[in-house]
Amino acid sequence: GGGDGDGPDGSAGVRSDIDTLLANSSCERFVLRCVENELPPNLIHCLRLLRVLELQHDHVAARRGASADGEDDGPPPDPVRPGPVSTAASSKVSRLLVLLCGDPSVGEQLRP
């Protein structure tokens, strides 16, 4: 079937672990197994790490853009386009987290 592994970044046909989890989210005891393995808090950490990746990417893009404008000493550095680099991943992680948070046991696990 189409659609599950198709991403806006052209990653058609590549299934990641998160794709597999999303595809099997309707299985019996799915939420229970996720809670047992502490997946919900780890998904929150994953979203934080994806945000750090975005910030680092934007920082590198800004530095390369500034150095390309100010120096003519050598070949230009490889261009780093500013903008989102983890949109598809963040979307999938968010979808799974929202799905899991529909169960009260997940809310209990996420309490500080």
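Summing up its helical and strand segments, the protein has 5 helices and 0 strands in all. The helix and strand sequence of the protein, counted from the amino end, reads α-α-α-α-α. Split into buried and exposed, the 112 residues of the protein put 21% on the buried side. Long-range contacts, defined as pairs at least 24 residues apart, comprise 71% of the intrachain contacts of the protein with a sequence gap of at least 6. Carbon and sulfur atoms form 54% of the exposed surface of the protein, whose accessible area is close to 8,000 Å².

This next bit is on the nonpolar core. Counting residues in hydrophobic clusters, the biggest one holds 14 residues, and the most contacted among them are I18, F30, V31, L39, L43, L96 and L100. Mapped by element, the contributors of at least two residues to this core are helix 1 (17-23), helix 2 (30-36), helix 3 (39-70) and helix 4 (87-101).

This paragraph deals with the environment of S105. Tracing the backbone shows S105 in helix 5 (residues 104-110). Expressed as a C-alpha distance, the spacing of S105 and V35, which sit 70 residues apart in the sequence, is 7.6 Å. Aside from chain neighbours lying at most four places away, what touches S105 is V31 and V35.

The rules behind each value
- Residues numbered from 1 in each chain as written.
- Predicted model: local features only at pLDDT ≥ 70, side-chain atom pairs only at ≥ 80, totals over all residues.
- Heavy atoms only, no water.
- Helix = DSSP H or I, 4+ residues; strand = E, 2+ residues; numbered from the N terminus.
- Buried < 20%, exposed > 50% of the residue type's maximum accessible area, 1.4 Å probe, protein only.
- Contact = heavy atoms within 4.5 Å.
- Areas by Shrake-Rupley, 256 points an atom, 1.4 Å probe, with all protein chains shown as cover.
- Core = buried A, V, L, I, M, F, W, Y, C linked by side-chain atoms within 4.5 Å.

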